[in-house]
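# An overview of the molecular structure
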Amino acid sequence: MPELDPEDEKIVILARTTRARTQAAEGAAVRDTDGRTYAAATVRLPSLKLTALQAAVAAAVSSGAESLEAAAVVTEEPMVLGASVQAVRDLAADAPILRADPSGTVQETLR
């Protein structure tokens, strides 16, 4: 993998620390087109279930973000769930989605 842009590295670190802090299955972070970042973890409640990326996108939208520049998800899973990808694509058709393992090493970039 090529070296990450510092701004992309920042959202991977945010996603990783959010996952570690909450002991969740996934951590995610997104950056909007104004450069603001939003982080979230997997939500598993009896009445509400969100992937970490869905929760991060929801946080961005509820704060007024209209589009995204990039997204990152830290997970042990070998792929990003379709619902997570679609949440990002709802705001940005071409924003890269970085999938990193729990150590923070980016395994793939979805475009």
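Here is a short report on the structure shown in this document. (Residues numbered from 1 in each chain as written. Predicted model: local features only at pLDDT ≥ 70, side-chain atom pairs only at ≥ 80, totals over all residues. Heavy atoms only, no water.)

### Thoughts on helix α1 (residues 6-22)
Condition: Each helix corresponds to a stretch of at least 4 residues labelled H or I by DSSP, and each strand to a stretch of at least 2 residues labelled E; elements are numbered beginning at the N terminus. Expected helix span is computed as 1.5 Å times (number of residues minus one). The buried label applies to any residue whose accessible area, calculated with a 1.4 Å probe on protein chains only, is under 20% of its type's maximum; exposed applies above 50%, and partly exposed to all values in between. Comment: arc refers to directions from the helix axis out to C-beta atoms. Here a polar contact means two N or O atoms within 3.5 Å. Within protein one must be a hydrogen donor candidate and the other an acceptor candidate, and residues neighboring in sequence count only if both atoms are side-chain atoms.
For α1, built from 17 residues, the straight-helix expectation of 24 Å at 1.5 Å per residue is met to within 8% by its first-to-last C-alpha distance of 24 Å. Those residues of α1 lying buried are Asp8, Ile11, Val12, Ala15, Thr18 and Arg19. Burial along α1 is one-sided: seen end-on, the buried residues are contained in an arc of 130°. Facing away from the buried side of α1, by more than 90 degrees, are the exposed residues Pro6 and Arg21. One side-chain oxygen at the N-terminal end of α1 lies 2.8 Å from the backbone nitrogen of glutamate 7; it belongs to aspartate 5. Glutamine 23, located one to two residues past α1, shows a positive phi value of around 60°.

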